[in-house]
Structure formats: C-alpha cells, structure tokens
Amino acid sequence: MERIRLSPFPADAELEQLWIATWGQPPGFNFDAVLARSLLHVCAYFEDRLIGFLNVAWDGGEHGFLLDTSVHPDHRRQGIATRLIEAAVAQTKARGLTWLHVDYEPHLEPLYRRCGFRATQAGLIRLQEG
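*Asks:* Break down the sheet that holds strand β2 (residues 40-46) for me, with residues and values.
*Replies:* Pairing is mixed across the open sheet formed by five strands, whose spatial order is β1-β2-β3-β4-β5. Looking at strand neighbours, the two that pair on one side only are β1 (3-6) and β5 (99-102), the edges of this open sheet. Each neighbouring strand pair of the sheet contributes to a mean axis angle of 25 degrees, computed without reference to strand direction. Sheet topology places strand β3 (residues 49-58) next to strand β4 (residues 63-71); six bridges connect them, and they run antiparallel.

Next up, the structure:
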C-alpha cells in the first residue's frame, strides 16, 4: 500500500523521473522553484519510491489550483490519484481556502467528479508554443 505525504519536498531528480514516466518527456521547469511558490503538494510513495504527485498553486487569497496530478503508469487504476486529490482538498479547506480549481482533459472528468469537482466554463490562452 502506498503512503500519502504532504509537502515532503522530494529531490528534483526524483520528481523528474516520475514526470517522464507519467508524461513521456522531461518537465521543462525546475521543481524546486515551483514548489517554493506553492501552497502545498501531495506525494504518494510505494516502498520509498515516488509514484504519485500533485501540486496546489495558490493566489494568496481564497483560490487554490490543482496542477500536475501524476501517477506512475505501473501504479494506475489503484485509487492513488483519488487519494492525492482528497488529501489536497482536505488540506486546502483546512487552510481556509474557499475555492479549488482544476483543469482536466475530458477522459478525466469521472475522476474529478468523484472527488467533488463540478464542470464550469473557463478560458485558456496558450502563451508559448512547444
């Protein structure tokens, strides 16, 4: 069984390895810089190996933003993403935030609905190509 940990600050190389396994390419940014600005992050470990991650960015007020939900392909379909999200929801609520936002691809809607999110209209603009 995996362990869920709040804001453990894993090594950048450990996060990069999970990112490549999950997304198929290097992240293109430094995790240390991102996590230093985040409200919190949640990690899942199996036998001391990082197998899951998500980040909660924050506007400094009442809005949090769930980003980069990642589960290693060898550990998917076991409820790990759900437990990561549930921990993030509980922690943002405990810290007094009013809203938690998430963007997701259509095939992930059932996961986020089960975790209490509802679909809303939003806008998005891509600022960089690539």
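*Asks:* Give me the pairing of β3: which residues, what numbers.
*Replies:* Across the ten residues of β3, eight count as buried, placing the element largely inside the fold. Here β2 runs beside β3; their pairing, made up of seven bridges, is antiparallel. Paired with His41 across the strands is Asn55, a residue of β3. Here β2 folds back onto β3, and the loop between the two strands holds two residues, one of which, Glu47, carries a positive phi near 50 degrees. With antiparallel pairing between neighbouring strands as the criterion, β3 and β4 make up a hairpin whose turn holds four residues, including Gly60 at a positive phi of roughly 85 degrees.

*Asks:* Hey, could you go over the nonpolar core for me, with residue numbers and the actual values?
*Replies:* One broad rule of soluble globular proteins: the nonpolar side chains tend to lie buried together. In terms of nonpolar packing, the biggest core is built from 22 residues, with Leu54, Val56, Leu66, Ile85 and Phe117 touching the most fellow members. Secondary-structure elements contributing two or more residues to this core are β2, β3, β4, α3 (80-94), β5 and α4 (109-114). With six residues, α3 is the largest single contributor of residues to this core. The contacts of Leu66, once residues within four sequence positions are left out, are Leu54, Asn55, Val56, Ile85, Ala88, Leu100, His101, Val102, Tyr112 and Phe117. Membership of the second largest hydrophobic core comes to nine residues, among which are Leu15, Phe31, Leu35 and Cys43.

Conventions adopted
Residues numbered from 1 in each chain as written. Predicted model: local features only at pLDDT ≥ 70, side-chain atom pairs only at ≥ 80, totals over all residues. Heavy atoms only, no water. Pairing = 2+ DSSP bridges. Helix = DSSP H or I, 4+ residues; strand = E, 2+ residues; numbered from the N terminus. Axes fitted to C-alpha atoms, helices over the stretch in contact; angles between N-to-C directions. Buried < 20%, exposed > 50% of the residue type's maximum accessible area, 1.4 Å probe, protein only. Core = buried A, V, L, I, M, F, W, Y, C linked by side-chain atoms within 4.5 Å. Contact = heavy atoms within 4.5 Å.

Limitation: the analysis is restricted to geometry and does not speak to function.
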